[in-house]
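# Notes for the structure review
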Amino acid sequence: MSVTTTATEEKDSPYALSHLDALESEAVHIFREVAGEFERPVILFSGGKDSIVMLHLALKAFAPAPVPFALLHVDTGHNFPEVLEYRDRTVAQHGLRLHVGSVQELIDRGELRERPDGTRNPLQTVPLLREIEAGRFDAVFGGGRRDEEKARAKERVFSLRDEFGGWDPRRQRPELWQLYNGRHSPGEHVRVFPLSNWTELDVWQYILREKIELPAIYYAHEREVFARSGMWLAPGEWGGPGRGESLERRRVRYRTVGDMSCTGAVDSDADTIEKVITEIAASRLTERGATRADDKLSEAAMEDRKREGYF
């Protein structure tokens, strides 16, 4: 006798996973797969919301044991102080090891040159690749999501990088049935994206459910900003505001956090997680499309950087 299960019965089943449970389960599986397949993985951790959720998932994946990976942050020298404070506090709280690659150190040594626009996000590639080589990391976890930007939508969960850290979309492998291929030659490594299938809304709903603490910069607050290229930027040592640009105090929050010179704030009254979720659900712009000047340098800005070794 055959037994058929309707969609309604499946939804009401006590064994069915919720949407967030399914995403969490997939991410936990990816972390454990990497732990079993690679020798020296590392987690990119900036103190931004996606890396915070990624670390939370890693802690869950290996509890009650400690996370078996170190953390890596590429410091541009123009990071938001609130985010750096959160990063250091989190590392100390969980007894983690943190490697820091410094853009400023390479500039001081004459190995990198400041850009005319003061933006340092594109300069992160060199210190990132040097830290990967120095640490002999063969798998590098990143918080990239496919909904963020069209180049990231091409990524696999396991993204093969060549001996120069470069990304070639033609070399990416199929990942049917959540089977991941981590095979790589000496000198190559794999970038791993546990949040690939998450959206910005998923991330915030998970933060609400798990009661995850974030830097206050993600919630509406009073801040001095100035207008440039249709965005509200924070003043700083990187060179803003410039001639003809004036500071004003506005109530804003940040949807994504990167280098101060290219990360814009949005006008907002969303000072709680619930209000942020409502705001995001009504938005018609992706977080990077609305607030990241470095992605607006050209139509293929992100893809060009990825081919050079960026995330």
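It should be emphasised that the depicted structure is a prediction, and the values quoted were computed from it without experimental measurement.

## Comments concerning the packing of helix α2 (residues 19-37) against helix α3 (residues 49-62)
The angle between the axes and the distance between the axes are what describe a pair of packed helices. Packing of α2 against α3 leaves a shortest axis separation of 9 Å and a crossing angle of 70°. One element, α2, and the other, α3, form an angle in the roughly perpendicular class. Handedness of the α2/α3 crossing: right-handed. Mapping the contact onto sequence places E24, A27, V28, F31, R32 and A35 in α2 and M54, L57, A58, K60, A61 and F62 in α3. Residues of the contact of α2 with α3, tallied by class, amount to nine nonpolar, no polar and three charged.

## Notes on the packing of aromatic side chains
Within the structure shown, the criterion is met by 10 aromatic pairs. Geometrically, the ring pair formed by F158 and Y180 is stacked, given 5.1 Å between the ring centres and 20° between the ring planes. Of this pair, F158 sits in strand β5 (residues 158-161) while Y180 is found in the loop between β5 and β6 (189-192), placing the two residues 22 residues apart along the sequence. The pair formed by F158 and Y180 is uniform in burial state, with each residue classed as buried. Arranged with centres 5.8 Å apart and planes meeting at 75°, the rings of W204 and Y219 form a pair that is edge-to-face. With a gap of 15 residues between them, W204 in helix α7 (residues 200-210) and Y219 in the loop between α7 and β7 (221-228) connect regions that are remote in the sequence. When sorted by exposure, W204 lands in the same class as Y219, which is buried. Taken together through their ring pairs, the aromatic side chains of F31, F62, F69 and F141 make up a single cluster.

## Points about the packing of α2 against α7
Remark: α2 packs on α7, axes separated minimally by 11 Å, with the N-to-C direction vectors making an angle of 95°. Here α2 is positioned roughly perpendicular relative to α7, judged by the angle of their axes. Along the contact surface, α2 presents H19, L20, D21, L23 and E24, while α7 presents D202, Q205, Y206, R209 and E210.

## Observations concerning the layout of surface pockets
When its volume is computed, the largest pocket comes out at roughly 320 Å³. Together, 18 residues line the largest pocket, and I132, E133, E163, G187 and H189 are the ones closest to its centre. For the lining of the largest pocket, the class distribution of residues is five nonpolar, five polar and eight charged.

## Some remarks on unusual backbone geometry
Residue P64 is bonded to the preceding A63 through a cis peptide linkage, with omega at 5°. By the secondary structure assignment, P64 is in the loop between α3 and β2 (70-75). Located in the positive-phi region is W177, a residue other than glycine, with phi close to 55°. With a phi angle near 55°, K211 is a residue other than glycine that sits in the positive phi range. Tracing the backbone through its elements, the reader meets K211 in the loop between α7 and β7. The exposure class of K211 is exposed, given its relative accessible area of 71%.

## Examining the nonpolar core
Of all hydrophobic cores here, the largest spans 62 residues; its most connected members are F31, I43, V53, F141, F158 and W204. Here this core takes eight residues from α3, the largest share from any one element. Ignoring anything within four residues of it in the chain, the contact list for W204 reads K49, L214, Y218, Y219, R253, I273, V276, I277 and I280. With 14 residues, the next largest nonpolar core counts L72, I107, F137 and V140 among its residues.

## Quick word on the sheet that holds strand β8 (residues 231-233)
What the four strands build is an open sheet, ordered β8-β7-β9-β10; its pairing is antiparallel. What marks the edges here is a single partner per strand, and that holds for β8 and β10 (266-267).

## Looking at the pairing of β7
Sheet topology note: the β7/strand β9 (residues 248-253) ladder contains five bridges and is antiparallel. Across the sheet, residue E222 finds its bridge partner in β9, namely R251. Two elements, β7 and β8, share three bridges in a ladder whose sense is antiparallel. Each bridged residue has a counterpart across the sheet, and for R228 the counterpart in β8 is M231. Remark: two residues form the turn of the hairpin made by β7 and β8, two consecutive strands paired antiparallel; S229 in that turn has positive phi of roughly 50°.

## Overview of a nonpolar patch on the surface
A contiguous nonpolar surface patch, about 430 Å² in accessible area, is contributed by L176, W177 and L179. Along the polypeptide, W177 turns up in the loop between β5 and β6.

## A short note on helix α8 (residues 273-282)
One full turn of an α-helix is made of 3.6 residues, so residues set three or four places apart face in the same direction. Of all the residues in α8, the buried ones are I273, V276, I277 and I280. For α8, the angular spread of buried residues about the axis comes to 100°, placing them on one side. Structural note: α8 exposes T278 and A282 on the side pointing more than 90 degrees away from its buried face. Summarising the contacts, the buried residues of α8 are in contact with α7 and β9.

Reading the values: the criteria
- Residues numbered from 1 in each chain as written.
- Predicted model: local features only at pLDDT ≥ 70, side-chain atom pairs only at ≥ 80, totals over all residues.
- Heavy atoms only, no water.
- Axes fitted to C-alpha atoms, helices over the stretch in contact; angles between N-to-C directions.
- Helix = DSSP H or I, 4+ residues; strand = E, 2+ residues; numbered from the N terminus.
- Parallel < 35°, antiparallel > 145°, perpendicular 65-115°, else oblique.
- Left-handed = near helix turned anticlockwise from the far one by under 90°.
- Contact = heavy atoms within 4.5 Å.
- Nonpolar A, V, L, I, M, F, W, Y, C, P; charged D, E, K, R; others polar.
- Phe/Tyr/Trp six-rings, centres within 6.5 Å; stacked < 30°, edge-to-face > 60°.
- Buried < 20%, exposed > 50% of the residue type's maximum accessible area, 1.4 Å probe, protein only.
- 1 Å grid on protein atoms, 1.4 Å probe; cavity = no way out; pocket = protein on both sides within 12 Å on 5 of 7 lines; lining within 4 Å.
- Points joined across faces, edges and corners; volume = space filled by probe spheres on them.
- Core = buried A, V, L, I, M, F, W, Y, C linked by side-chain atoms within 4.5 Å.
- Pairing = 2+ DSSP bridges.
- Patch = residues over 30% accessible without salt bridge, like charges linked within 9 Å, V, L, I, M, F, W, Y side chains within 5 Å.
- Areas by Shrake-Rupley, 256 points an atom, 1.4 Å probe, with all protein chains shown as cover.
- Salt bridge = Lys/Arg side-chain N within 4 Å of Asp/Glu carboxyl O.
- Arc of directions from axis to C-beta.

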